[in-house]
Structures are given as structure tokens and as C-alpha cells.
Amino acid sequence: MTSPRTTLSLVDTDPAELAVDAIVIGVHSQTGEPEAGAPAAALLLASGAESIAAAFDGKLTETLALLGATGGPGEVIKLATLGTVTAPVVAAVGLGPEPTGAAPAPETLRRAAGAAVRALAGAPRVALALPLPDDADAPAALRAVAEGALLGGYRFAGYKTKPQPARREPVGEVLIAVPDAADATAGAEVTRAQAVAGAVRTSRDWVNTAPNELRPPSFADAVATAAREAGLGVEVLDEEALRAGGYGGIIAVGQGSEAPPRLVKLTYTPEGGGNGKRVALVGKGITFDTGGISIKPAQGMWEMKSDMAGAAAVGAAMLAVAALKPAVAVTGYLPMAENMPSGTSYRPGDVITMYSGKRVEVLNTDAEGRMILADAIARACEDGADYLFETSTLTGGQVIALGKKIAGVMGSPELCERVKVAGEATGEPAWPMPLPDDVRKGMDSEVADISQVNAVMDRAGHMLQGGVFLREFVSPDVSWAHIDIAGPGYHSGEPTGYWTKGGTGVPVRTLLHLVDDIAANG
Ligand code: BES
Ligand code: MN
Ligand code: ZN
């Protein structure tokens, strides 16, 4: 199921003269006391809106304030222009207080562009005249606006059998007003944003697809087909190959379902070998997580269709890598299984021989993600990697510790720091977490090399247990980071900024940022 796409281009014509259905401008909220005599709720127009304001004879901010505009983040106030400018509608998007002496942060622009494009659904063609700096920060700002617009324009196609008359179609075409539309750096940012946002949208589509339609074999087919089209190397291990290959963790989790497990490997080889570094990306692909024999409560279980968000992010990021051609080798590993309770399920008490040869004592079949990831990680290390990033909706403990927006990062300290920096740059916040010795000690097993979870099952350091377990399967010479996205992988609230309901596409943009970082800096 694919969502309709939004197209994007740059323009350098006067925004007041653009033949579009709506023009978006930025407004800041007024901080401090208004000057004597000034209207109480005065707004500040952001740069980019000058010619629009001029056409309104200086009455634009006053009118917007009367319509309720405060300039708060996420707010969009629409105004009929009635011939003052070419576009029939002006939409003022709130940017919050104006930062002193600086342009708005990229994430502020990304969210504003997303909120505006979302609010303008129904308008086929929209232009954005947002404040863009003209210094060294210009590319990051433009990238943010472009990504925000394309992602705010996302809508999952869905499954309704009848057309929805009241439903306004997502914006089809976005123009971004820039000082020079022919500028090569700006053009490169648009090209990159299209590939990156395309990947985010693909990962959202996969996450939003109903779990009866996306089981391991069909998920593997969808990823493999898209990857082949993109020119990636593709290898799919089916259940027979997995069994023969000794992937005990993937087989154990997958054996309870009639839809058998898969391991998809995607390979991007840079021209001339790139900079010689090898990056491995690993993503959890549980197409549905019932918990298995350790079954989950019914309430909210449907959201476990998103338990393949990590694999979706890795698969989609690989598609963008194929398009962007970074100077570094990148390989994606997507272990896929459906975690079901049945007469053939794995059970608490089972001891599983993993791909690495280590033996794991199963205590809770709901801790299935680490079982399939351990095998994929061991395989990635065996193939050879300098850096390994693994991402998964791994633990409810991540949500308890860091909430629904901030991912937890565990692994090699310097790489965790790089993930945090990438998260800051992309607006996908991620926070480093420790891997304490006592948590590992608590996972000592009476019978096997390690227990899958803390043997007393008290859930202390719940998120950390996941990281500690995965560490056992990473080769000592590989720098690694585990990114737990249980919260930020899926958005169950109302749309906000460039996030729509459902799959968020986190951490596709972080992974792509890291690949660029390693391509440039090793
Ligand atoms: N997929 C879940 C984690 C999850 C929870 C993701 C909420 C998104 C939102 C994972 O497989 C799981 O069930 N984890 C257990 C681990 C426990 C059994 C050690 C959990 O979080 O309770
Ligand atoms: Mn689970
Ligand atoms: Zn799970």
C-alpha cells in the first residue's frame, strides 16, 4: 500500500506574485511587553513575508492577530487574500519566539513546514515563503523546510472502500521560495530531501500497512522488490535457509506462526570502494507481536503492527542510500518474524542455540525482538563491519524512561554520542544510556550462557537489559549502537508538525545522517 507523493521545487519569483493556491509565511510570537500604543497581541512577521506584508498595506499582522494568531509553534491561521496577492490564501504558520540574532532552528522550520502543508490539505499547489538564512546555515534550513513539507504532506492510503467526500487531498506540489532557485547547493538539498523524505514515507507506509497484509514473506517481498529496483544487492533467506544456516533465534520466534520468518540482506557497494569503511544497519522486523505464549493484554495490542518499524527504517534508508550514493559501503539486515502463540511456538524455558553459537534461555516469549536481532547482528559482524547501527521497537522500558519522542541509545560510547548528534541535526532526538554490569549479572542463566531477560523478571533497567543482551552478539572489533525506538517509532496521538498518525519513519533520517557522517569523516 503506497501513499500518494508530493512534488517539490524551488522558486525565486516574488511570493506575492506566485500562482499557487496558498502561500505560507512565518510569524513569531511577540515576547516581552508590547510597546506603548502597539496592539496587545502583536505578532512579528518572519523574513520571507515582506512582499506579502507590503501588499496588505501594513495590516497583515494586525489582521492575523484578530483571527487568533499568536505565533505559537504548530499554529496555522489562514487568511483570504481577495486579490491583494496572486495566491487566494495566505497561511501564517507559528514559529514561536524569534531567536535573538539567529534564524529559527532547522527543526522549528521542519515542523512549521510540516504543520502548514498538513493544514493546507485540499490545496493542490502551495508555496512556502519561510525565513531562510543566507549564511552557512542556509543548506540545513532549506533541507529542514523541504523535509518538513514532504513529510507533512504524507497520508497513508488506507483501506476505506468508499471515497471520502469530505476528505481533502494532501498537497500535491510544494514550491519553496529561495533567493536563487538556480543555486547548485540549494538544488542538491532538494534532491537529497526528496530521496530522504521518500524513504521516510516508504517506512511509514510499511508500518501503517495492516499486519494481516504484511507478514514476513510479503514484507520480505516488498523490501526485496523495492531494493532490486533501486539497484541494491538483495539476498533473502527463507525458513529453510534460516534453519540450515543455524539462525536459532529467528527460527524460534518465527516457528509459532504459519507465516514463516525471513532474513533480508541488502547491499550497497560504493563506486571505487568508497572510503573503505563498512556500515551495517540492522532493524527489528516483527510484523506482529502478540507476545507469543507470554501473551500481551488485549488493550493496545493492535499497535504491535508497528513492531517492524526498525526493519522498515533500515529497508527504507537503504533505498535512499542507493539513490544518494554515499562514499561508504552500507549493508542492511532485516530479520522478520511474526510472534504468535500456537502449538508450535517457542516457550518459556526453551534453550535456543543462536547463530553465534551462544545458548540463550528463554524466560519470556515477549522478549522476541532481541532473539531475532541477535542472529542478524552476529551475521552482520561475520560479514564484516566497522560500524553497526541496530534499531528496534525493543522495550516498553524505553517509553517509561524517555517517553514517546526520545529514543534510547546503548553501545560503544563514542558511537552513541554520534547517534545523539545525528539526532539533534535531524530532529530525531536520541539519548545515550548505560550498559551496567549488574544488569548483565541479573541475566546470568542457571542452564544456558545467558537469559533472555532478568531472571527475576522484575523489569528493573528494562531498556538496558535489551542493550546488554544484544551486546553479547556484537564482535569486539565492531563499534555499535542500539537505538530503541519503542516510543518514537509510532505516533498514536493527533498529527503534529510533520508527524502524522501512525508510523513516524524514525530513525530513517538519523541513519542517513550517520551514513553521510561516516562517508565524510570515517
Ligand atoms: N515490541 C515490544 C516492545 C514495545 C512495547 C514496543 C511498547 C512499542 C511499544 C517488545 O517485543 C516487548 O514486548 N518487550 C517487552 C520486554 C519484556 C518481556 C522483557 C516489554 O516491553 O514489556
Ligand atoms: Mn514482545
Ligand atoms: Zn516486540
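Everything numeric here is computed off the predicted structure, so don't read it as measured data.

Undergrad: Before we move on, could you go through the overall build of the protein and cite the residues and values that matter?
TA: Counting its regular elements, the protein contains 15 helices and 21 strands. At 24 Å, the protein has a C-alpha radius of gyration in line with the 24 Å of a compact globule built from 522 residues. Taking the principal axes of the C-alpha coordinates as reference, the protein spans close to 80 × 50 × 50 Å. The proportion of buried residues among the 522 residues of the protein is 56%. Of the contacts formed within the protein by residues at least 6 apart in sequence, a portion of 77% connects residues at least 24 apart. Of the roughly 20,400 Å² of accessible surface on the protein, 54% is carried by carbon and sulfur atoms. In the protein, 42 side chains carry a positive charge and 60 a negative one; their mean positions are 6 Å apart.

Undergrad: Kindly report on the packing of aromatic side chains, identifying the contributing residues and their values.
TA: Per the counting criterion, the structure on display carries 4 aromatic pairs. Taken together, a centroid distance of 4.1 Å and an interplanar angle of 10° make the contact between Y247 and Y355 stacked. One end of the pair, Y247, is in the loop between α7 (239–245) and α8 (248–254); the other, Y355, is in the loop between β13 (351–353) and β14 (359–361), with 108 residues separating them in the sequence. Among the residues examined, Y247 registers a relative accessible area of 4% and is labelled buried.

Undergrad: Kindly report on the site of ligand 1, identifying the contributing residues and their values.
TA: Near ligand 1 lie 17 residues; those nearest to it are D289, K296, D307, D366 and G396. Contacts to ligand 1 include D307, whose side-chain N or O atom sits 2.8 Å from a nitrogen atom. Isolated, ligand 1 exposes 510 Å² of accessible area, and the fraction of that covered by the protein chains is 87%. Counted by class, the shell around ligand 1 contains 5 nonpolar, 5 polar and 7 charged residues.

Undergrad: How would you sum up the coordination of the manganese ion (ligand 2)? Please name residues and give values.
TA: Donor atoms from the polypeptide that coordinate the manganese ion (ligand 2) comprise D289 (OD), D366 (O), D366 (OD) and E368 (OE), at 2.0 to 2.2 Å from the metal. Because the angles between the 6 donor atoms bound to the manganese ion (ligand 2) fall within 69 to 166°, the donor set is best described as irregular. Counting the intervening residues between successive donors of the manganese ion (ligand 2) yields the motif D-x76-D-x1-E. In this structure, the manganese ion (ligand 2) is positioned 3.1 Å from the zinc ion (ligand 3), and both are ligated by D289. Look at E368 and you get buried, because its relative accessible area is 0%.

Rules and cut-offs
- Residues numbered from 1 in each chain as written.
- Chains lettered and ligands numbered in written order.
- Predicted model: local features only at pLDDT ≥ 70, side-chain atom pairs only at ≥ 80, totals over all residues.
- Heavy atoms only, no water.
- Helix = DSSP H or I, 4+ residues; strand = E, 2+ residues; numbered from the N terminus.
- Rg over C-alpha atoms; globule rule 2.2 N^0.38 Å.
- Buried < 20%, exposed > 50% of the residue type's maximum accessible area, 1.4 Å probe, protein only.
- Contact = heavy atoms within 4.5 Å.
- Areas by Shrake-Rupley, 256 points an atom, 1.4 Å probe, with all protein chains shown as cover.
- Lys, Arg positive; Asp, Glu negative; His and termini not counted.
- Charge placed at Lys NZ, Arg CZ, Asp CG, Glu CD.
- Phe/Tyr/Trp six-rings, centres within 6.5 Å; stacked < 30°, edge-to-face > 60°.
- Near = heavy atom within 4 Å.
- Polar contact = N/O pair within 3.5 Å; in protein donor to acceptor, adjacent residues only side chain to side chain.
- Nonpolar A, V, L, I, M, F, W, Y, C, P; charged D, E, K, R; others polar.
- Donors = N, O, S within 2.8 Å, 3.2 Å for Na, K, Ca; no water.
- Tetrahedral: all angles 85-135°; square planar, octahedral: opposite > 155°, others 65-115°.

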